[in-house]
Amino acid sequence: ITGSVEKNESLEKAALREAKEETGLSFDDNIPTPIGYEFTFITKKGKICENVFRVEVPINQKNLIVLDNTEHRNYKWVSAEEALSLLKYESNQQALNTLIKIL
């Protein structure tokens, strides 16, 4: 899940808002934790900086995901190792590897 930060919005608030918008889950009691990894890339719109956060899906909501179909087609729960093999971008793989090391 990625997204942009709105005016006067903290990175943490943006992370929770984007997670809620894209999954339909409630993260009201969650505090996103920065994992200490960020990366930048260049697009037609300019330089983009991504800050990576960890947020836990409440166990009672695990099967309640409703994807924003303008951004995602499907999802599935997999192990971290399988997720690494499915990630398309090296920066996403590095972010997940960073998270794996701190868990």
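Residues numbered from 1 in each chain as written. Predicted model: local features only at pLDDT ≥ 70, side-chain atom pairs only at ≥ 80, totals over all residues. Heavy atoms only, no water.

Asker: Describe the nonpolar core, with residues and values.
Answerer: Core analysis: the largest hydrophobic core is formed by 9 residues, namely Ile35, Tyr37, Phe39, Val52, Ala83, Leu84, Ala95, Leu96 and Leu99. For this core, the elements supplying multiple residues, two or more each, are β1 (33-43), α2 (80-86) and α3 (90-102). In terms of nonpolar packing, the next biggest core, distinct from the first, is built from 5 residues, Ala19, Leu25, Phe27 and Ile65 among them. (Core = buried A, V, L, I, M, F, W, Y, C linked by side-chain atoms within 4.5 Å. Buried < 20%, exposed > 50% of the residue type's maximum accessible area, 1.4 Å probe, protein only. Helix = DSSP H or I, 4+ residues; strand = E, 2+ residues; numbered from the N terminus.)

Asker: So what about the pairing of strand β2 (residues 46-54)? Which residues, and what values?
Answerer: Inspection of the sheet shows β1 paired to β2 by 8 bridges, in the antiparallel sense. By the bridge assignment for β2, proline 34 is matched with phenylalanine 53. In textbook terms, the turn of a hairpin is the stretch between consecutive antiparallel strands, and for β1 and β2 this stretch comprises 2 residues. (Pairing = 2+ DSSP bridges.)

Asker: Kindly report on the packing of aromatic side chains, identifying the contributing residues and their values.
Answerer: This model, assessed by the stated rule, comprises 3 aromatic pairs. Relative to phenylalanine 39, the ring of tyrosine 37 has its centre 5.8 Å away and its plane inclined at 40 degrees; by these criteria the two rings are tilted. The class of tyrosine 37 is buried, set by a relative accessible area of 17%. Through pairs of rings, three or more aromatic residues link up here, namely Tyr37, Phe39 and Phe41. (Phe/Tyr/Trp six-rings, centres within 6.5 Å; stacked < 30°, edge-to-face > 60°.)

Such coordinate-based values are descriptive only and should not be taken to indicate function.
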